[in-house]
Amino acid sequence: MSLTANLPRDAFLAALASLQNVTGKKGTIAILANILIESQDSGVLLTATDLEIGIRIVVPAEVLSAGAITLPARKLFEMVRESSAEQIHLEVKENNWARITAESTNYKLAGMPSDEYPAFPEYDEANLVQLASEEVRDLIDRTLFSVAQEGESQFNLTGLLVERDVVEGEGHFLRAVSSDGHRLTMMEKKVASDLSPLKMDRTILIPKKGVQEIRKFCDNKESLAIGFEEKQAVVKTEGAILIIRLMNGDFPDYKNIIQVINKARHIAIPRQPLMNSLKRMNLFTEDRYNAVQFLIGKNRLILSSQNLDIGSAKDELEISYDDQEMQLGFNGKYFIEAIQVMESEVVKAYINSEESPCLIQGDDDPGYMSVIMPMKI
Amino acid sequence: MSQHPRQIIHLDMDAFYASVEMLDRPELVGQPVIVGGASNRGVVSAASYEARKYGIHSAMPMVAARRLCPHGVFLPVRMARYRELSEQIMAIFHRFTPLVEPLSLDEAFLDVTASRALLGDGATIAEAIKRRVREETGLTVSAGVASSKLVAKIASDLHKPDGFTLVPPGQEREFLAPLPIGRLWGVGTATAKTLALMGASTIGDLARLPLALLTAKFGPSHGEHLHLVAQGIDEREVEPEQEAKSIGNEETFEKDLREQQVIERELLGLSTKVARRLRRHGVCGRTITLKVKYHDFRQITRSVTLPVATCDEGELYGTTKVLLDRTEAGQVPVRLLGVSVSGLTAGEAGGQLSLFATQPKKKGKQHGLHAAVDRITDKYGQQAIKPATLLAGEGKKE
């Protein structure tokens, strides 16, 4: 017998949408452009993988006959998206053909045999720890932006570093750190769960794309189970599993960099006005480096930018500062992104010299810190 | 264009390196001065006119030159100094027209067609340039004035040193006719030999050969080229120096490379060269491209864009090595390797400082290191200083 099932359109569509990002692109193994569809007791299990990331989602369905098939992910997604039927009927025919019926429309879709699909990685339930999705989301949202782009920078910076701290008497902390080589962002969060079962002996470096998938898993869910194994990170929610191959390599010694930052002198700047002003300055920066000049004087900050082809911009902000005048250059985009994810009304920027890292923190952003290297201008 | 003949000047410094040495050390004037590689395996880069009387010419092995003229003054190449004077000379050229196409440190084409209204005809301008160069640098330059690059270049070479040759428009054919065909651009030894068999030893002889005969013998494009240049026709424009869009280097190996280690060593050599060239041009680049040609002539390129522009050989090498992993090098024999950098920006990296690896202080040091290495290279040549890894390859290569 071969697979025959009725799937609720909306749930099927949502699952297919979640799988789109990890289906293989051109040039990889052909079958990875397909998703694996297998019948289960309670419904249909969908699997997609690009060999770095694998996702499995259960769609509750009425299974009329057990079986399995792989079908082109993109085409299947588009067919279901364009259909207005409440239910999609899927029936596997001979030679890996699938007949799909949605209301009055009939499709014949060419598939590939399910036994050629790569095996989904195994994992151990015992390694998983339940975390509030709110906590995971916060860790990711505050650090993802400064993970280096793939193809840019050193390989080991294209992932998010995850660390655990157990502080006697205080509790368990999770920490996410990202850097693209010019800036570094760190978010540390006390979590309600007991993190002791987590196996974190090796460096946990999660590739950027994997982090983005974890972030999607956080949506509309109270909690998720997360675990780390020798080669992979496992994220599990009700009805879905995400497995990410961890990156090999070390993350730079960020603690040392943070430690040596001299915190003797800082400027206090109202966050929202600074962000708005920087966005205005960015209109006049040179494309690539977004250089914005910071002229710091007694209780005032003058921001300026110039683009040789367009013109220049200048703005003044009231800050609290009473020390020697300084002139620094920063990539305005880095500054915007760093303070965009903060909540404090006032941000503190610790500054030393035009060549030393600037550390940004806020009183109402416990655990958060951003370090930005200046630009020479 | 033929209605308004162009006025093109070709300027060629006389025995440039040797003349600079004599300029800096006047006691050498009148002596046979030979500038070239310091080792015996080096070649002559320049010889003063006195040295040329002994039969010494550039590209001759230093050993041979020493034999010909044992009492000659043999000096090492001081590239930085020549470059400094070259800049000064090019700046003088630029006062007369923006259309300056430098061919090398000591040679350039100028299109002064549009400058005539202001500065007088081509001959007047050429004389003025010669005077200015002499007064401001103490060096002499030979000039050729004609309606095309081809004729101007041949003209400037005719009365060296301190020469001046004017070929008035319409007299190109007559001017070229008596000259040996070897003077023509595009005529090498092989072509000259074939032409000699066809009875052409002067440019005038060549001009009389029918086009059909030339295209039959040399193919349509080369044949037509010969036909045109023999008449003194050369429509090439003077192309002012353009900013390079990319800087790169590639090498075809005598024997295909098979071992990963050897391939990586060549990659380091290329990266070092390219980094030096970047620094010489005062630029950094973000996009690094690796080109690999396999033994079967299949060719692929792999590239990556860095967040910050670089001109550091270490970073270039590290990056190209990662790119190398994305090729079949090591499994398939490699015939050619190429490294190039594009997305060029002036100077250091747009100023963005790095958090790790190259700390600001370290960066300063690296800067100093680059400058020192470049100075050594300028003074003693490419072989004088290089990564030790490259030394290992020496024995095998030679």
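About the thresholds
- Within each chain, residues carry numbers counting from 1 in the order of the written sequence.
- Key to labels: chains lettered from A, ligands numbered from 1, both in the order written.
- Per-residue local features are limited, in this predicted model, to residues with pLDDT of at least 70; the limit for side-chain atom pairs, both in listing and counting, is 80 or more; totals at the level of whole chains, interfaces and linings are taken over all residues.
- Hydrogens and water molecules were not included; the side-chain quantities draw on all heavy atoms of the structure.
- Secondary structure elements are taken from DSSP: a helix is a run of H or I of four residues or more, a strand is a run of E of two residues or more, and numbering for both begins at the N terminus.
- We call two residues in contact when some of their heavy atoms are within 4.5 Å.
- All accessible-area figures derive from a Shrake-Rupley calculation using a 1.4 Å probe, and residue coverage is judged against the displayed protein chains alone.
- Think of it in three bands: residues with accessible area under 20% of the maximum for their type are buried, residues over 50% are exposed, and the middle band is partly exposed, with areas taken using a 1.4 Å probe on protein chains only.
- By definition, two strands form a pair when at least two bridges between them are found by DSSP.
- Working convention: axes come from line fits to C-alpha atoms, limited for helices to the stretch in contact. Angles between N-to-C directions cover 0 to 180 degrees.
- Here a crossing is taken to be left-handed if its near helix is turned anticlockwise relative to the far helix by less than a right angle, and right-handed if that turn runs clockwise.
- Between rings of Phe, Tyr and Trp, where Trp is taken as its six-membered ring, a pair exists when centres lie within 6.5 Å; planes separated by under 30 degrees are stacked, by over 60 edge-to-face, and by other angles tilted.
- Charge-over-ring contacts are defined here by two conditions on Lys NZ or Arg CZ: a distance within 6 Å of the ring centre and an angle within 35 degrees of the ring normal.
- In this text, buried Ala, Val, Leu, Ile, Met, Phe, Trp, Tyr and Cys residues form a nonpolar core when linked through side-chain atoms within 4.5 Å.
- Note on terminology: angles under 35 degrees are roughly parallel, angles over 145 are roughly antiparallel, angles of 65 to 115 are roughly perpendicular, and the others are oblique.
- Note that Gly is not counted as nonpolar here; it falls among the polar residues with everything else outside the nonpolar set of Ala, Val, Leu, Ile, Met, Phe, Trp, Tyr, Cys and Pro and the charged set of Asp, Glu, Lys and Arg.
- Throughout this description, a polar contact denotes any pair of N or O atoms lying within 3.5 Å of each other; where both atoms belong to protein, one of them has to be capable of donating a hydrogen while the other can accept it, and for residues adjacent in sequence the pair is counted only when both atoms sit in side chains.
- Summed over both partners, buried area is the accessible surface (1.4 Å probe) that two parts give up on being assembled.
- Within this document, salt bridges are pairs made up of a side-chain nitrogen of Lys or Arg and a carboxyl oxygen of Asp or Glu, the two lying within 4 Å of each other.
- Lining residues are those with an atom within 4 Å of a point, where the points come from a 1 Å grid over the protein atoms alone and group into cavities, where a 1.4 Å probe fits but cannot get out, or pockets, open sets with protein on both sides within 12 Å along at least five of seven lines.
- Grid points are joined across faces, edges and corners, and a volume is the space filled by probe spheres set on the points.

Trainee: Would you explain the overall build of chain B in this entry?
Mentor: A tally of regular secondary structure across chain B gives 16 helices and 12 strands. The long-range share in chain B, meaning contacts at least 24 apart out of those at least 6 apart in sequence, stands at 66%. About 19500 Å² of surface is accessible on chain B, with carbon and sulfur atoms providing 54% of the total.

Trainee: Help me understand the overall build of chain A in this model?
Mentor: Secondary structure summary: chain A contains 7 helices and 25 strands in total. Every one of the 377 residues in chain A was classed for burial, and the buried ones make up 55%. Long-range contacts, defined as pairs at least 24 residues apart, comprise 65% of the intrachain contacts of chain A with a sequence gap of at least 6. Only carbon and sulfur atoms are counted for the fraction: they give 46% of the accessible area of chain A, which is about 17600 Å².

Trainee: Looking at this structure, how should I read the sheet that holds strand β6 (residues 107-111) of chain B?
Mentor: The strands that make up a sheet are held in pairs by hydrogen bonds between backbone atoms, and each pair lies either parallel or antiparallel. Residues and elements named next belong to chain B. On the basis of which strands lie adjacent, the open sheet formed by 5 strands has the order β5-β6-β1-β7-β8 and mixed pairing. Here the strands that pair on one side only, and so sit at the sheet edges, are β5 (100-104) and β8 (164-166). Within the sheet, the average angular offset between the axes of one strand and its neighbour, ignoring direction, is 15°. For β5 and β6, the ladder comprises 4 bridges, and the chain directions are antiparallel. What sits directly across from Ser-104, in β6, is Glu-107. Contacts from helix α7 (residues 149-156) reach β1 (8-13), β5, β6, β7 (141-146) and β8, with the element oriented near 145° to β7.

Trainee: Quick question: what am I supposed to make of the packing of helix α4 (residues 79-94) of chain B against helix α6 (residues 122-137) of chain B here?
Mentor: Angle between the axes and distance between the axes are the two parameters that describe a pair of packed helices. All names here are of chain B. Between α4 and α6, whose axes approach to 10 Å, the crossing angle comes to 145°. By crossing handedness, the relation of α4 to α6 is classed as right-handed. Facing Leu-85, Gln-88, Ile-89, Ile-92 and Phe-93 of α4, the residues of α6 in contact are Ile-129, Arg-132, Val-133, Glu-136 and Thr-137.

Trainee: Just checking my understanding: could you explain the packing of aromatic side chains for this structure?
Mentor: The relation between two aromatic rings is expressed through the spacing of the ring centres and the mutual angle of the planes. Counted under the stated rule, the structure contains 7 aromatic pairs over all chains. Every member of this aromatic cluster is reached through a ring pair, and the members are A:Phe294, A:Phe330 and A:Phe335. Between the NZ or CZ atom of B:Arg52 and the centre of the ring of B:Tyr49, over which it lies, the distance is 4.4 Å.

Trainee: Before we go on, may I ask you to explain the nonpolar core in this structure?
Mentor: Here is a general trend for soluble globular proteins: nonpolar side chains tend to be buried in one another's company. Of all hydrophobic cores here, the largest spans 101 residues; its most connected members are A:Ile37, A:Leu46, A:Leu274, A:Phe294, A:Ile296 and A:Ile360. If near-sequence neighbours (up to four positions away) are discounted, A:Phe294 is found in contact with A:Leu278, A:Leu301, A:Ile302, A:Leu303, A:Met326, A:Gln327, A:Leu328, A:Phe330 and A:Phe335. Residues B:Phe16, B:Val33, B:Val73 and B:Ala126 belong to the second largest nonpolar core, which totals 36 residues.

Trainee: Please explain the packing of helix α9 (residues 189-197) of chain B against helix α11 (residues 211-218) of chain B as it appears in this structure.
Mentor: All names here are of chain B. Following both chains from N to C, one finds α9 and α11 inclined at 130°, their axes separated by 12 Å at the closest point. Judged by the inter-axis angle, α9 sits oblique to α11. When the axes of α9 and α11 are compared, the crossing they make is right-handed. Residue-level contacts link Thr-191, Thr-194 and Leu-195 of α9 to Leu-214, Lys-217 and Phe-218 of α11. Along the lines of polarity and charge, the residues of the contact of α9 with α11 split into 3 nonpolar, 2 polar and 1 charged.

Trainee: Even after reading the chapter, I still don't get the side chain of A:Asn352, so can you show me in this structure?
Mentor: Residues and elements named next belong to chain A. Considering the arrangement of structural elements, one finds Asn-352 in the loop between β23 (346-350) and β24 (358-362). Taking the relative accessible area as the measure of exposure, Asn-352 reaches 19% and is therefore buried. Within the local environment of Asn-352, its side chain forms a polar contact with the backbone oxygen of Asn-262, the two atoms lying 3.0 Å apart. If sequence neighbours within four positions are ignored, Asn-352 has contacts with Ile-261, Asn-262, Arg-265 and Met-326.

Trainee: Looking at this model, I keep getting lost on the interface of chain B and chain A. Mind explaining?
Mentor: Note: interface size is frequently given as the accessible area lost on complex formation between the parts. Each partner contributes residues to the interface: chain B has 19 residues there, and chain A has 23 residues. The largest contributions to the chain B side of the interface with chain A come from B:Gln352, B:Leu355 and B:Phe356, which together make up 39% of the buried area. Connecting chain B to chain A are 0 salt bridges. If you list the elements that add at least two residues to the side of chain B that touches chain A, you get β11 (299-310) and β12 (334-346) of chain B. Sorting elements by how many residues they give to the side of chain B that touches chain A places β11(B) first, with 6 residues. Considered class by class, the residues forming the side of chain B that touches chain A number 10 nonpolar, 8 polar and 1 charged.

Trainee: Is there a simple way to think about empty space enclosed by the protein in this case?
Mentor: To find leftover empty space, a probe the size of one water molecule is rolled over the atoms. All names here are of chain A. This model, assessed by the stated rule, comprises 1 cavity of 30 Å³ or more. Estimated volume of the largest cavity: approximately 180 Å³. Elements represented by at least two residues in the lining of the largest cavity include exactly α3 (133-141), β11 (159-167), β12 (171-179), α4 (208-218), β15 (223-228) and β16 (232-237). Among the elements that take part in the lining of the largest cavity, α3 stands out by supplying 3 residues, more than any other. For the lining of the largest cavity, the class distribution of residues is 16 nonpolar, no polar and no charged.

Trainee: Explain unusual backbone geometry to me, please; I cannot follow it from the model alone.
Mentor: Outside of glycine, negative phi angles account for most residues, and trans bonds account for most peptide bonds. Cis rather than trans, the peptide bond between B:Lys160 and B:Pro161 has omega equal to -10°. Counting through the fold element by element, B:Pro161 comes out in the loop between α7 and β8. Unusually for a residue other than glycine, A:Asn95 sits at a positive phi of about 55°. With respect to the element layout, A:Asn95 can be found in the loop between β7 (87-92) and β8 (97-102).

Trainee: I would appreciate a short explanation of the pairing of strand β13 (residues 183-191) of chain A in the present structure.
Mentor: Remember that side chains alternate between the two faces of the sheet whenever the strand is regular. Counting buried positions over the 9 residues of β13(A) gives 7, a clear majority of the element. Joining the antiparallel neighbours β12(A) and β13(A) is a turn of 3 residues, in which A:Gly181 adopts a positive phi near 100°.

Trainee: Can you help me understand the environment of A:Thr203 in this one?
Mentor: All names here are of chain A. Counting through the fold element by element, Thr-203 comes out in the loop between β13 and β14 (204-207). By relative accessible area, which is 25% here, Thr-203 ends up partly exposed. Sequence separation of Thr-203 and Glu-230 is 27 residues, and the distance between their C-alpha atoms is 10.0 Å. Setting aside chain neighbours within four positions, we find Thr-203 in contact with Leu-161, Gly-249, Asp-250 and Phe-251. At 3.5 Å, the side chain of Thr-203 and the side chain of Asp-250 are in polar contact.

Trainee: Could you clarify how one ought to interpret the pattern of salt bridges in this entry?
Mentor: Any two side chains of opposite charge can pair, so long as their charged atoms come close to each other. All names here are of chain A. Tallying each qualifying case throughout the model produces 49 salt bridges over all chains. Salt-bridge contacts for Asp-138 lead to Arg-142; the nearest nitrogen and oxygen are separated by 3.2 Å. The residues Asp-138 and Arg-142 share a single accessibility class, namely buried. Measuring nitrogen to oxygen at the nearest pair gives 3.2 Å for the salt bridge that ties Lys-348 to Asp-363.

Trainee: Please clarify how the side chain of A:Asn34 should be interpreted in this entry.
Mentor: In this structure, A:Asn34 sits in strand β2 (residues 34-39). If near-sequence neighbours (up to four positions away) are discounted, A:Asn34 is found in contact with A:Thr70, A:Leu71, A:Pro72, A:Ala73, A:Gly111, A:Met112 and A:Tyr117.

Trainee: What am I meant to see in the sheet that holds strand β25 (residues 368-372) of chain A here?
Mentor: Residues and elements named next belong to chain A. Spatially, the 8 strands line up as an open sheet ordered β14-β11-β12-β13-β25-β24-β23-β18, and their pairing is antiparallel. Both outer strands of the open sheet, β14 and β18 (266-270), are each paired with one neighbouring strand and no more. The sheet shows a mean angle of 20° between the axes of neighbouring strands, direction not considered. Pairing of β11 with β14, which is carried by 4 bridges, proceeds in the antiparallel orientation. Residue Leu-161 lies in a different strand from β14, and its bridge partner there is Leu-205. Contacting β11 and β14, α4 runs over the sheet at an angle of about 85° to β14.

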